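What follows is each chain in one-letter form.
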Amino acid sequence: MRLGGRFWRFWTATTLVNLGDGIRVAAFPLLAASLTDDAFAVAAVGAATALPWLLTGLAAGSLADRRSARTLLAAADLGRIVVLLGLVTALLTGTATLPVVAGAAFALGVAETVRDTAAQTVVPRLVPSELLERANGRLVAGEVAGNEFVGPLIGASLFAAGVALPFAANSATLAIAVLLMLSLPASLLSATARGGEAGAPAVADGVRAGLGWLARQRVLRGLLGAVALVMLADAAWFAVFVLYLDARLDAGALGFGVFLAIGAAGGLTGALVADRLIGRRRHRAVLLGSIAAIAVTPALLLVAPTIWAAVVVVVATSGGFGVLNVAAVSVRQRLTPPGLLGRVTAAWRTVVFGAGAVGALGGGAVASWQGLQAPFVLSAVLGVVAVALWGRSARPGSGPLVA
């Protein structure tokens, strides 16, 4: 059974959006660094991109359940095009200041919360239920390729040629994505909830309803807790990995870049094989294995601090994330009622991204206090807790989706 032309149009649009996101991953730090040598100010631009998930993520989820996904996807991307063209104009006229750059990063992040949340409500309507894992695997693969492989390389190269070029290129990828989204039937991507009817709940009430449903759903609640712990664990050691490579393995900046590329390859491979691993809905075992691979494997560097051990750690953790993302998204889409999927997705992402931010700060603090090996110990401890939490939440008998 094939995924179908409509899915591949959606996949192409989403991959182009991710390519643009990858271009900005490289371009925004370079732009900030060209405007100031203040490390905190440069970091603030990066924080402005992530902050919207904590401030507007839940509202974006409620919106995704109340409005047509086709409209939201196109509107979010059109909004980002306007912001990017404004930034390009400021760069070309010499009026781009650090506050302008940070404001653009924040606005793009707000639109991203709307687009990414709405996009995850679309997949179950584009493919048959039995192809859900395969479809999510292809989407995650496209995300990794755009965000981690091709996009940053293009972004850095274009920035070297002209500071405005990466943002102009991002506008072009978004414009094509909008055209592809508008080519999909409006009826297929209509609102899943009662957003257009009289008496629809306010956004705040919708958020509370979504959070309340998630809190009562034992399997998803346990999986969210486990994934949040995994994000804490992974961010804790990866925040100091560049320092670890330089101080313990003498790899330097070039070595760090090589490890990032190896990790991206691992993540791409994991996403592509995830649906085969899951097979006949063996979500429980696959999730358990990927959680362990991500959070516990870094402890290998405690007993074998070598380049080859570091390669194993990067491949295992990135590949584990590729599998985990596909399996977790699929379970969430299967268990969540269509009218709540946007809110549950937004709540999920807000918790997970917040955990990643806390983990990075915690890893840096622990490393400063106890040394560069301490975050790897912390990761292993959190990993064991995550494995135990998921094993308890999805023990046999929880249902066919976690068999």
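Scroll up to find the structure this text is about.
What you are looking at is a predicted structure, and each value in this text was computed from that prediction instead of being measured.

**A few points about the nonpolar core**
Here is step 1: Counting residues in each nonpolar core, the largest one holds 47 residues, and the members touching the most others are Phe10, Phe28, Val127 and Phe167.
Here is step 2: At the level of secondary structure, the elements contributing two or more residues to this core comprise α1 (5-35), α2 (39-66), α3 (69-93), α4 (98-126), α5 (132-161) and α6 (165-182).
Here is step 3: Ignoring sequence-local partners within four residues, the contact set of Phe28 consists of Val45, Leu87, Val101, Ala104, Ala105, Leu108 and Phe167.
Here is step 4: If you look at the next biggest cluster of nonpolar residues, it comprises 41 residues, including Val219, Ile294, Leu324 and Ala328.

**Comments concerning the packing of α1 against α6**
Here is step 1: Between α1 and α6, whose axes approach to 9 Å, the crossing angle comes to 165 degrees. Taken together, the axes of α1 and α6 are roughly antiparallel relative to one another. Once α1 is placed against α6, the crossing between them reads as left-handed.
Here is step 2: Of the residues in the contact of α1 with α6, the class split is 17 nonpolar, 4 polar and 3 charged.

**Observations concerning empty space enclosed by the protein**
Here is step 1: Scanning the entire structure with this criterion turns up 1 cavity of 30 Å³ or more.
Here is step 2: Empty space within the largest cavity amounts to approximately 30 Å³.
Here is step 3: Forming the boundary of the largest cavity are Leu58, Val207, Gly210, Leu211, Arg343, Ala346 and Ala347.
Here is step 4: Among the secondary structure elements, those contributing two or more residues to the lining of the largest cavity are α7 (203-216) and α14 (341-370).
Here is step 5: Among the residues making up the lining of the largest cavity, the classes are represented as 5 nonpolar, 1 polar and 1 charged.

Calculation notes
- Residues numbered from 1 in each chain as written.
- Predicted model: local features only at pLDDT ≥ 70, side-chain atom pairs only at ≥ 80, totals over all residues.
- Heavy atoms only, no water.
- Core = buried A, V, L, I, M, F, W, Y, C linked by side-chain atoms within 4.5 Å.
- Buried < 20%, exposed > 50% of the residue type's maximum accessible area, 1.4 Å probe, protein only.
- Helix = DSSP H or I, 4+ residues; strand = E, 2+ residues; numbered from the N terminus.
- Contact = heavy atoms within 4.5 Å.
- Axes fitted to C-alpha atoms, helices over the stretch in contact; angles between N-to-C directions.
- Parallel < 35°, antiparallel > 145°, perpendicular 65-115°, else oblique.
- Left-handed = near helix turned anticlockwise from the far one by under 90°.
- Nonpolar A, V, L, I, M, F, W, Y, C, P; charged D, E, K, R; others polar.
- 1 Å grid on protein atoms, 1.4 Å probe; cavity = no way out; pocket = protein on both sides within 12 Å on 5 of 7 lines; lining within 4 Å.
- Points joined across faces, edges and corners; volume = space filled by probe spheres on them.

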